[in-house]
Amino acid sequence: KTQGNFNNECGVPLTVFEMNESHEVSVLEMGINHFGEMRKLSTVATPHICVITNIGVAHLEFLKTQEGIMQEKTEMFKDMREGGAIVVNGDDPLLSTLGPVKGVEPTFYGLNAEKCQVYATDVEPTGLKGTKCTINLPVGSFTCTVPSPGMHMVSNALAGAAVGWKLGLTLEEIKNGIEHLPFMPGRNNIIKTGKIIILDDCYNANTVSMKAALNVLDMGIGRKVAVLGDMGELGDSAAELHRAVGEYAAEKGIDLLCAVGELSKAIIAGAEGSATKTMWFATTEDFAEQAKDIILPGDNVLVKASHSMEFPKIVTALQEL
């Protein structure tokens, strides 16, 4: 699978070159933020199964609209191999409108049982321990616990289940894969230090994933602290979208909102006038140095920002408290 941020014009070919006869399946992440980039990646990957998880707002700076993002992401279908499959999120307003491509009917996954061939029922959050649910496929269903918290992780599990089904895995194999999902640094990674619980989700950020992460933090028992940083590539909408994140944090009743970076001043502005206490820091290093005076034993701490903010430094500082 793609390691780190090897999802670009250099990383995708390097990942392909690492494949050998011992590998059965390669999962290649393809990251784009300009028109024309997807074909450069998909002609290298030539995928058997094309998966799109959502059409967010992460790349509005250069792709301008969500429709533009969808247009660019779906370019990969042109390089799908003969007899391939398309797996997309049926809960996404734009992806749910997708019709047949090159004679291939998309497989939809999500919570909408009427729209989706792979869907979840009996969803029961269990705090930061994860979410219980029943996953239904055309060949049967099973009950499992998605070990990483948040409804977006149930959605990701459904995407994995759909791909597993397309690859011919049994229901038991799919269930086992979901329940033994390893935590990855920076991606919904729960770290228990003995003093605090850290929700390390700092690999990258956009408004959709920020709100999803705040939903996960809201499941915590005890004081809830969000340490949020600048989100990149949002173009002219940057201030407005940062402010919306602050407003959402306040709506969720987050106890303490710490924002880092120049753009994140708008996050603070969005939470002003609410019961949420706010603090602003100019740099990642500023927060890391003061963390010992801010974070209390028993806190649940979300750490999330765009990759360029270098928030793993904050995760390391919190672990050392």
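The shown structure was predicted, so the numbers you read here are calculated from the model rather than taken from an experiment.

Now for helix α11 (residues 312-319). Residues of α11 that are buried: Ile 314, Val 315, Ala 317 and Leu 318. One side of α11 carries all its buried residues, which in axial view fall inside an arc of 165°.

On the surface, Val 25, Val 27, Leu 167 and Leu 169 cluster together to form a nonpolar patch covering roughly 350 Å² of accessible area. You can see Leu 167 is positioned in the loop between α5 (151-166) and α6 (171-179).

This part covers unusual backbone geometry. Positive phi outside glycine occurs at Thr 46, with the angle close to 35°. We note that Asp 122 has phi near 50°; this positive angle belongs to a residue other than glycine. Relative to the helices and strands, Asp 122 resides in strand β4 (residues 118-125). The class of Asp 122 is exposed, set by a relative accessible area of 60%.

Another point: the sheet that holds strand β11 (residues 277-281). Pairing is mixed in the open sheet, where 6 strands are placed in the order β7-β8-β12-β9-β10-β11. Where the open sheet ends on each side, the last strands, each with one partner, are β7 (189-192) and β11. Across this sheet, the average inter-strand angle for adjacent strands is 15°, counted without regard to direction. Sheet topology note: the strand β9 (residues 224-229)/strand β10 (residues 256-260) ladder contains 5 bridges and is parallel.

The next thing to look at is the packing of helix α10 (residues 284-294) against α11. Between α10 and α11, the least distance of the axes is 9 Å, while the angle of their chain directions is 5°. Between α10 and α11, the interaxial angle falls into the category roughly parallel. Where α10 abuts α11, its residues Thr 284, Glu 285, Phe 287, Ala 288 and Ala 291 lie against Lys 313, Ile 314, Ala 317 and Leu 318. Within the contact of α10 with α11, the residues separate by chemical class into 6 nonpolar, 1 polar and 2 charged.

The next subject is the side chain of Thr 2. The residue Thr 2 is located in the segment before α1 (11-17) in this model. A distance of 2.8 Å separates a polar side-chain atom of Thr 2 from the backbone nitrogen of Glu 29. If we ignore the near neighbours within four places in the chain, the residues touching Thr 2 are Asn 7, Thr 15, Val 27, Leu 28 and Glu 29.

It is worth spelling out the nonpolar core at this point. The biggest cluster of nonpolar side chains holds 51 residues, and the ones touching the most others in it are Phe 77, Ile 86, Leu 214, Ala 226, Leu 228 and Leu 302. Broken down by element, the residue count for this core peaks at 6 residues, all from helix α8 (residues 238-251). If we skip the residues at most four places from it in the chain, Ala 226 touches Leu 214, Leu 217, Ile 254, Leu 256, Leu 257, Cys 258 and Leu 302. Listed in part, the 22 residues of the second largest apolar core include Val 225, Cys 258, Val 260 and Val 301.

Here the focus is the environment of Val 245. Mapped onto the fold, Val 245 is located in helix α8. Taking the C-alpha atoms as reference, Val 245 lies 31 Å from Val 27; in sequence the two are 218 residues apart. Once residues within four sequence positions are removed from consideration, Val 245 is found in contact with Thr 207, Met 210, Leu 214, Leu 228, Met 231 and Ile 267.

Assignment of secondary structure puts Gly 235 in the loop between β9 and α8. Sequence-wise, Gly 235 and His 59 are 176 residues apart; in three dimensions their C-alpha atoms are separated by 8.3 Å.

Rules used throughout
- Residues numbered from 1 in each chain as written.
- Predicted model: local features only at pLDDT ≥ 70, side-chain atom pairs only at ≥ 80, totals over all residues.
- Heavy atoms only, no water.
- Buried < 20%, exposed > 50% of the residue type's maximum accessible area, 1.4 Å probe, protein only.
- Helix = DSSP H or I, 4+ residues; strand = E, 2+ residues; numbered from the N terminus.
- Arc of directions from axis to C-beta.
- Patch = residues over 30% accessible without salt bridge, like charges linked within 9 Å, V, L, I, M, F, W, Y side chains within 5 Å.
- Areas by Shrake-Rupley, 256 points an atom, 1.4 Å probe, with all protein chains shown as cover.
- Salt bridge = Lys/Arg side-chain N within 4 Å of Asp/Glu carboxyl O.
- Pairing = 2+ DSSP bridges.
- Axes fitted to C-alpha atoms, helices over the stretch in contact; angles between N-to-C directions.
- Parallel < 35°, antiparallel > 145°, perpendicular 65-115°, else oblique.
- Contact = heavy atoms within 4.5 Å.
- Nonpolar A, V, L, I, M, F, W, Y, C, P; charged D, E, K, R; others polar.
- Polar contact = N/O pair within 3.5 Å; in protein donor to acceptor, adjacent residues only side chain to side chain.
- Core = buried A, V, L, I, M, F, W, Y, C linked by side-chain atoms within 4.5 Å.

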